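Survey of secondary and tertiary structure
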Amino acid sequence: MCGIVGYIGKRPATDILLDGLRRLEYRGYDSAGMAVVHDGDIRTAKSVGRVANLAQAVGQSRPSGTVGIAHTRWATHGVPSDENAHPHVDCQGGIAVVHNGIIENWETLRRGLESRGHVFRSQTDTEVLAHLIEEYASRLTLKDALAAALKDVIGTFGLALVSAAEPRRIYVARRGSPIVLGLGPKGDEFYVASDPSALVAYTRDVVYLDDDELAVLSDVGVETTTLDLVHREKPITKIDWTMEEIERGRFPHFMAKEIFEQPAVAANVVRGRLDAAGGRAVLGGLASVDERLRKIERITIIGCGSAAHAGLVGEYMIEEYAEVPVEVQLASEYRYRRTVLDPEKEAVVAVSQSGETADTLGALREAKARGALTLGIVNAVGSTVARETDAGVFIHAGPEIAVASTKAFLGQVIAFSLLSLHLGRQRRMSAQVGERLVAELHALPQKIEKILQQDAKIRALARKYSGYGGMLYLGRRYNAPVAAEGALKLKEIAYVHAEGYAAGEMKHGPIALLDRSFPVVALATKDGVYAKMRSNLEEVRARQAPILAVVSEGDEEVLRLADDVIAVPRTIEMLSPILNVIPLQLFAYHMAVARGLDPDKPRNLAKSVTVE
Ligand code: AGP
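Nothing here was measured: the structure is a model prediction, and the numbers come from that model.

**Structural notes on the sheet that holds strand β12 (residues 213–218)**
- Taking strand neighbours across the sheet as the criterion, the 6 strands line up as β5-β6-β7-β8-β12-β13 in an open arrangement whose pairing is antiparallel. Every other strand in the sheet has two partners, leaving β5 (88–89) and β13 (221–226) as the edge strands with one partner each.
- In the sheet, β12 pairs with β13 via 6 bridges, with the strands oriented antiparallel. Across the sheet, leucine 217 pairs through a bridge with valine 222, a residue of β13.

Below you can see the structure in the form of structure tokens.
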């Protein structure tokens, strides 16, 4: 999620903008920039890396203008670079825009603008806004031009704009990405930000914009309208949070915040990538290798930790829906194996949230050295894995701050479902099956919301089970990797030993662990192996081990066998890992809290393991 800050008043804007960006640093970003209106023109400064780099860049020629906007970028389109950092300007450099969100139809808009002579400087979707507004402003007022341009946009935006032609104005608009306005206590300074944490040093009186609303900030105040420019009265809210609370929003930890962001992540991963009519995935990031993908006869997936678990789910998906043989290999092992690889027929998929994991990078370079087609399923745009793979699918999960991966794992699994759909429809998957998958993907956000509503119940269960020294997580087929992922969460943040096992393996050893002191967490939702899971639970019950089961809504049978159940909505088996993992994330999170631990800072762990 990018950060936006803007100021209009009587003080120099630069320091206020830099201070606001520093307060947004916790959100994670890869570059920053600002635009200040100064002596009738717009002075911009941009830099890759931390806000300190931008401060240094600005230091040499600090504009004294008292109107400005600034931005920290979490790249979604275009690698982190000075050119791609915001603000973006129009051809004449008279309009500067900062933007948070995704413009789905940016390529179409850009092609049209280029055909009419507009010259672009970056690879971002945002720059399209600056040129589109410029074009409309040649025949409309700036406010009308902004409203007209946003009517052409498909996607989400939280944006702020300044113009040399209207030096005492900041224009703001919102659809899908947060925007808050700050009202200076003396009524002569006004602010805009993507998050209240950038404003609390200056004011606690704020106005939250809602979707499809626009605002104009001037020296005398804030005017708010709809995108159709119809006046809209907005209430003033008093912020009474502490800075610490603001940075995590209403959540006590980033991990909780990121678990609760998952409905939005499920929507963002597929946004602009599903063709419902054709039952297809539209993956622009694979276009350059599409013909090679048609000929692929074997796929190897490499990753570590949660990324490897996502790969294991992807293995089932691709084999079932695209009928391409898949092998998942831990990156730390792959790179030291004498792998046999036919570069004409094999693709290697590197999965990584950070895109900087040393083992995954090492394995990727091995695969490239052998000539394989390499794809990335990555969150961090511009990361090394993203840059070194031939093509890929970004998961658009936004920065994942907590060390334990939750929303990125979910995004990776959904990205694999898109890849499976794409590969399947290149092969023998019917349009009908594709349409069903598209419909189920669209239904995910509200199903995830429904599970999150059970947070209090799952917190109580975590407390109930918090005294146990070890647990066995069991699942079959698509949910065997979910068992492993759930066990990993418990290990890494609650420090409780947990094993994730394919349930069929239980009788080949782990069942010896089971007695009243060793609970089983079972993924027993209705699917093709439900009857087998139920038999496994009978075996567990016969050993008096407590059972906590994730079940499908309405399932009465497992209710008889389990001590506790968490019900999740039905979906197709292929997507069940996306729903089933959420109770396990919450269970581990609340277990850590119940044990007096900090889920955001687990001992011995780093967010990105950039060493071998
Ligand atoms: C997941 O909760 C862990 N923090 C860890 O296993 C992580 O998934 C692994 O290190 C891979 O990281 P990456 O996705 O950034 O490559």
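There's plenty left to go through after this.
**Let's talk about the sheet that holds strand β9 (residues 180–183)**
- Spatially, β3-β2-β4-β1-β10-β9-β11-β14 is the arrangement adopted by the 8 strands of the open sheet, whose pairing is antiparallel. Since the sheet does not close on itself, it has two edges, and those belong to β3 (41–48) and β14 (237–238), each with one partner.
- Here helix α2 (residues 51–59) sits on the sheet and contacts β2 (31–38), β3 and β4 (67–73); the angle it forms with β3, its principal contact strand, is near 140°.

**A word on empty space enclosed by the protein**
- The final tally for this structure, using the stated rule, is 1 cavity of 30 Å³ or more.
- Counted as a void, the largest cavity has a volume near 70 Å³.
- Lining the largest cavity are Thr525, Lys526, Asp527, Ser552, Val568, Pro569, Arg570, Thr571, Glu573, Ser576, Leu579 and Asn580.
- Of the residues contributing to the lining of the largest cavity, the split by class is 3 nonpolar, 5 polar and 4 charged.

**With respect to α2**
- Within α2 the residues assigned to the buried category are Val51, Leu54, Ala55 and Val58. Summarising the axial view, the buried residues of α2 lie within an arc of 100°, below the 170-degree limit, and thus occupy one face. Exposed positions of α2 whose direction lies more than 90 degrees from the buried face are Ala52 and Gln56.
- Buried residues along α2 sit against α1 (13–23), β2, β3 and β4.

**Observations concerning unusual backbone geometry**
- Going from histidine 86 to proline 87, the amide bond is cis rather than trans, its omega being 5°.
- One can find proline 87 in the loop between β4 and β5.
- Phi at arginine 477 takes a positive value of approximately 50°, unusual for a residue other than glycine.
- With respect to the secondary-structure elements, arginine 477 resides in the loop between β22 (470–475) and α17 (480–494).
- Judged by its relative accessible area of 30%, arginine 477 falls in the partly exposed class.
- The backbone of glutamine 544 shows a phi angle near 60°, a positive value even though the residue is not glycine.
- Relative to the elements of secondary structure, glutamine 544 occurs in the loop between α18 (530–541) and β25 (547–552).

**Topic: the nonpolar core**
- Formed by 94 residues in total, the largest nonpolar core has its most connected members in Ile299, Ile318, Tyr473, Leu490 and Phe587.
- Apart from residues no more than four positions distant in its own chain, isoleucine 318 is found in contact with Ile299, Ile301, Glu323, Val324, Val326, Phe416, Leu419, Ser420 and Leu423.
- Judged by nonpolar contacts, the second largest core, of 29 residues, contains Ala130, Leu132, Ala149 and Leu159.

**Observations regarding the site of the ligand**
- Around the ligand sit 14 residues, and of these Ser352, Gln353, Ser354, Thr357 and Glu492 come closest.
- Between an oxygen atom of the ligand and a main-chain N or O atom of serine 306, the distance comes to 3.1 Å.
- When the free accessible area of the ligand is taken as 410 Å², the share hidden by the protein chains comes to 91%.
- Broken down by secondary-structure element, the contributors of at least two residues to the shell around the ligand are α10 (305–321) and α17.
- Residues of the shell around the ligand, tallied by class, amount to 5 nonpolar, 7 polar and 2 charged.

So, how was this worked out
- Residues numbered from 1 in each chain as written.
- Predicted model: local features only at pLDDT ≥ 70, side-chain atom pairs only at ≥ 80, totals over all residues.
- Heavy atoms only, no water.
- Pairing = 2+ DSSP bridges.
- Helix = DSSP H or I, 4+ residues; strand = E, 2+ residues; numbered from the N terminus.
- Contact = heavy atoms within 4.5 Å.
- Axes fitted to C-alpha atoms, helices over the stretch in contact; angles between N-to-C directions.
- 1 Å grid on protein atoms, 1.4 Å probe; cavity = no way out; pocket = protein on both sides within 12 Å on 5 of 7 lines; lining within 4 Å.
- Points joined across faces, edges and corners; volume = space filled by probe spheres on them.
- Nonpolar A, V, L, I, M, F, W, Y, C, P; charged D, E, K, R; others polar.
- Buried < 20%, exposed > 50% of the residue type's maximum accessible area, 1.4 Å probe, protein only.
- Arc of directions from axis to C-beta.
- Core = buried A, V, L, I, M, F, W, Y, C linked by side-chain atoms within 4.5 Å.
- Near = heavy atom within 4 Å.
- Polar contact = N/O pair within 3.5 Å; in protein donor to acceptor, adjacent residues only side chain to side chain.
- Areas by Shrake-Rupley, 256 points an atom, 1.4 Å probe, with all protein chains shown as cover.

Remember that the coordinates give geometry; whether it matters functionally is a separate question.
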